[in-house]
Amino acid sequence: MPVDAAEALAAEPRVREIAWDHKDVQLYHLGIGAGRPATGPRELRYTLESRLHVLPSFATVAGGGVPGVIGALSVPGVDVDLAHVLHGGQRLRLHRPAVPVRGRANASSRVVAVYDKGSAAVLVLRTEVADADGPLWTDEAEVFVRGEGGWGGERGPSGRPSPPPAEPADHVVERAVREDQALLYRLSGDWNPLHADPEFAARAGFERPVLHGLCTYGAALKAVVDTLLDGDVTRVREYRTRFAGVVYPGETLRVRMWRRPVADGAGAGETDETEETPETEETPETEETPETGETSEVRVAVSAVERGDAPVLADTVVRYG
């Protein structure tokens, strides 16, 4: 079968050296919509090298290599059509207060879970990144492969997104997506033709090319950091989401935020209202996350305004100090 769970899980980690500098960071920030207005002091923190801070979601493209959703398809035991692949979710855990503006590190990636959803297979690719001083971050990409389930394997956690909180959001902001946003974002390394080629997008079942899920992921985190953390990227500890729908370039994102307290020792999203992200016994322990005093989290829901607030990101949690 195209997905051999046993072979994928038994494969050795793929280790590669990655490097980045301020130019990669600036390109990523522009790719997720930073720099509007171009001379705004708050935006210059994302675009001007002399003031540059790194939005933690840059970790998903650092080094410019194959993104996790594609990397999961290049492991032994996985041979599927890219047009049948969807990015199901993403989780990032930081092991230091900030991602450096420039760096060189080793990234070790392996499939840590394979689930049989009947009509689809789900693969979880974990990447652990460390430099000479120790761990930097860990991220996980959850990849859905349509039409590749049904072999009788473990179903895993429910993939159904939870509804947003019933009460009114504490903060609501809107962010316009440029018509050429996907073309700009793909320069950070995700060359999937789904985001640029109309014919490929049609074969995958979309009316036109869609925005990268990780572009929306970065734009949502920027909205939270700018709105709740006064632009202080060093306060972000963890960030995770499920991709609930697509965004078409030219649409408007509505980002709703609900503040939540966090019990001591709890990980991102581990509240009564939020279903936990699937874990394996190899998941890094919470105490590895940098802590600086009291920790809080915000629940986030992102929707596409022009399509009746169609859900885009669900079960989204940002944990911060």
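All figures in this text were calculated on a predicted structure; none of them were measured in a lab.

## Examining the overall build of the chain
So, step 1. When you go through the chain residue by residue, the secondary structure sums to 7 helices and 10 strands.
So, step 2. Long-range contacts, defined here as pairs at least 24 residues apart, represent 79% of the contacts in the chain between residues at least 6 apart.

## Looking at the environment of alanine 169
So, step 1. Inspection of the secondary structure puts alanine 169 in the loop between strand E5 (134-146) and strand E6 (171-176).
So, step 2. Along the primary structure alanine 169 and valine 300 are separated by 131 residues, whereas in three dimensions their C-alpha atoms are 8.9 Å apart.

## So, the pairing of strand E4 (residues 120-131)
Each regular strand carries side chains that alternate between the two faces of the sheet.
So, step 1. With 9 of 12 residues buried, E4 lies mostly within the body of the structure.
So, step 2. As defined by bridge partners, strand E3 (residues 103-116) adjoins E4 across 10 bridges and the pair is classed as antiparallel. Within E4, the position partnered with tyrosine 115 by the bridge is valine 122.
So, step 3. Where E3 folds back onto E4 in an antiparallel hairpin, the turn is made up of 3 residues, including glycine 118, whose phi is positive at roughly 85 degrees.
So, step 4. In the sheet, E4 pairs with E5 via 12 bridges, with the strands oriented antiparallel. Paired with glutamate 128 across the strands is threonine 138, a residue of E5.
So, step 5. Linking E4 back to E5 in an antiparallel pair, the connection comprises 2 residues.

## Points about the sheet that holds strand E2 (residues 85-94)
So, step 1. The sheet built from 10 strands is open, its strands ordered E1-E3-E4-E5-E2-E7-E10-E9-E8-E6 with antiparallel pairing. Strands at the two margins of the open sheet, each flanked by one partner only, are strand E1 (14-20) and E6. For this sheet, the mean angle separating the axes of adjacent strands, direction not counted, is 20 degrees.

## Points about helix H7 (residues 213-228)
So, step 1. Its 16 residues give H7 an end-to-end C-alpha distance of 22 Å, which sits within 8% of 22 Å, the value for a rise of 1.5 Å per residue.
So, step 2. Following H7 by one or two positions, aspartate 230 has its phi on the positive side, about 55 degrees.

## Side note on the nonpolar core
So, step 1. Formed by 54 residues in total, the largest nonpolar core has its most connected members in Trp20, Phe58 and Trp137.
So, step 2. When residues of this core are assigned to their parent elements, the largest contribution, 10 residues, is made by H7.
So, step 3. In this structure, tryptophan 20 is in contact with Val25, Phe58, Ala62, Gly63, Pro100, Val101, Arg102, Gly103, Arg104, Ala105, Leu136 and Trp137, ignoring residues within four places of it in sequence.
So, step 4. One finds Val3, Leu73, Val111 and Leu125 within the second-largest nonpolar core, a separate group that totals 15 residues.

## Digging into unusual backbone geometry
So, step 1. Following arginine 36, the chain continues to proline 37 via a peptide bond in cis, the omega torsion being 0 degrees.
So, step 2. Mapped onto the fold, proline 37 is located in the loop between helix H2 (22-31) and helix H3 (41-47).
So, step 3. In this model, aspartate 230 sits at a positive phi of 55 degrees, which is unusual for a non-glycine residue.
So, step 4. By secondary structure assignment, the location of aspartate 230 is in the loop between H7 and strand E7 (236-243).
So, step 5. Classification of aspartate 230 as exposed rests on a relative accessible area of 55%.
So, step 6. Positive phi, normally seen in glycine, also occurs at aspartate 315, with a value near 50 degrees.
So, step 7. In this structure, aspartate 315 sits in strand E10 (residues 310-320).

Reading the values: the criteria
Residues numbered from 1 in each chain as written. Predicted model: local features only at pLDDT ≥ 70, side-chain atom pairs only at ≥ 80, totals over all residues. Heavy atoms only, no water. Helix = DSSP H or I, 4+ residues; strand = E, 2+ residues; numbered from the N terminus. Contact = heavy atoms within 4.5 Å. Buried < 20%, exposed > 50% of the residue type's maximum accessible area, 1.4 Å probe, protein only. Pairing = 2+ DSSP bridges. Axes fitted to C-alpha atoms, helices over the stretch in contact; angles between N-to-C directions. Expected span 1.5 Å × (residues − 1). Core = buried A, V, L, I, M, F, W, Y, C linked by side-chain atoms within 4.5 Å.

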